[in-house]
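# Survey of secondary and tertiary structure
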Amino acid sequence: MSKPPILLVHGIWDSAARIDCLRAGLAARGVDRARAFDLVPNDGRASIERLAGQLDAAVEAALAGAPGGAVDVVGFSMGALVTRYYIQRGRGPCLI
């Protein structure tokens, strides 16, 4: 059974490139479907709600190639707030 893709959501003032070391570490451990994307703007000017819309778009793109219709999301700092908003007020179900 294939594992779902993983989206990595960076923190404030960061970018997908900044957390590439996390993606690379996961890849070195056999997790090859992890990817990060950029939240824009990344400096606190946009609302968490607006950034959660960007996460929604990234989830939809990841789901297009995801067998089983699941995506794991890992958020750091502001990325964790965006992820939590997406789960609690957006469309994302939370399965623990």
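Up top is the structure.
First, a word on what this report is: a plain description of the structure on this page. (Residues numbered from 1 in each chain as written. Predicted model: local features only at pLDDT ≥ 70, side-chain atom pairs only at ≥ 80, totals over all residues. Heavy atoms only, no water.)

### Details of the overall build of the protein chain
Formally: Helix numbering and strand numbering both begin at the N terminus, where a helix is a DSSP run of H or I of at least 4 residues and a strand a DSSP run of E of at least 2. Think of it in three bands: with a 1.4 Å probe and only protein chains considered, a residue is buried below 20% of the maximum accessible area for its type, exposed above 50%, and partly exposed in between. Any two residues whose heavy atoms approach within 4.5 Å at even a single point are treated as in contact. For every accessible area listed, the method is Shrake-Rupley and the probe measures 1.4 Å; residues are considered covered only by the protein chains on display.
Scanning the protein chain from N- to C-terminus turns up three helices and three strands. For the protein chain, the succession of helices and strands along the chain, N to C, is β-α-β-α-β-α. For the protein chain, the residues scored as buried account for 32% of the 96 residues in total. Within the protein chain, contacts between residues separated by at least 24 positions form 69% of all contacts whose residues are at least 6 apart in sequence. Taken as a whole, the protein chain presents about 6000 Å² of accessible surface, with 57% of it coming from carbon and sulfur.

### Some thoughts on the side chain of His10
To keep things clear, this is the line we draw: Polar contact criterion, stated in full: a pair of N or O atoms within 3.5 Å, where within protein one must be able to donate a hydrogen and the other to accept it, and residues adjacent in sequence count only if both atoms are side-chain atoms.
Following the sequence through the fold, His10 ends up in the loop between strand S1 (6-9) and helix H1 (20-28). Here Asp14 takes part through its backbone oxygen, which lies 3.3 Å from a polar atom of the side chain of His10. Those residues in contact with His10, other than ones at most four positions away along the chain, are Ser15, Ala16, Ile19, Phe37, Asp38, Leu39, Asn42, Phe76, Met78 and Gly79.

### Some details on the packing of helix H2 (residues 48-64) against helix H3 (residues 78-89)
Each pair of packed helices gets described by two things: the angle between the helix axes and the distance between those axes. Note the cut-off: Fitting a line to C-alpha atoms yields each axis, with helices limited to the stretch in contact; the angle taken between N-to-C directions then spans 0 to 180 degrees. Geometric relationships in this document are graded by angle, where less than 35 degrees denotes roughly parallel, more than 145 denotes roughly antiparallel, 65 to 115 denotes roughly perpendicular, and other angles denote oblique. Each residue is assigned to one of three groups, with Ala, Val, Leu, Ile, Met, Phe, Trp, Tyr, Cys and Pro labelled nonpolar, Asp, Glu, Lys and Arg labelled charged, and all others, Gly among them, labelled polar.
The N-to-C vectors of H2 and H3 enclose an angle of 75°; their axes lie 8 Å apart at closest approach. Classed by the angle they form, the pair H2 and H3 counts as roughly perpendicular. Between H2 and H3, the contacting residues are Ile48, Glu49, Leu51, Ala52, Leu55, Asp56 and Val59 on the first element and Met78, Leu81, Val82, Thr83, Tyr85 and Tyr86 on the second. Residue classes in the contact of H2 with H3 are distributed as ten nonpolar, one polar and two charged.

### Describing the environment of Val82
Within the secondary structure, Val82 is located in helix H3. The class for Val82 is buried, based on a relative accessible area of 0%. Put simply, Val82 and Gly11 are 71 residues apart on the chain and 9.3 Å apart in space, counted from C-alpha to C-alpha.

### Brief notes about the sheet that holds S1
How we decide: Two strands are said to pair when DSSP picks up at least two bridges between them.
A sheet is described by the order of its strands in space; here three strands give the open sequence S2-S1-S3, paired in parallel fashion. Only two strands of the sheet have a single neighbouring strand rather than two, namely strand S2 (34-37) and strand S3 (72-75). Mean inter-strand twist for the sheet, computed between neighbouring axes without regard to direction, equals 25°. Bridge count for S1 against S2 is four bridges, and the pairing is parallel.

### Here we look at the environment of Ile12
Position of Ile12 among the secondary structure elements: in the loop between S1 and H1. Of the residues examined, Ile12 reaches a relative accessible area of 27% and is grouped as partly exposed. The sequence separation of Ile12 and Asn42 amounts to 30 residues, and the corresponding C-alpha distance is 5.4 Å.

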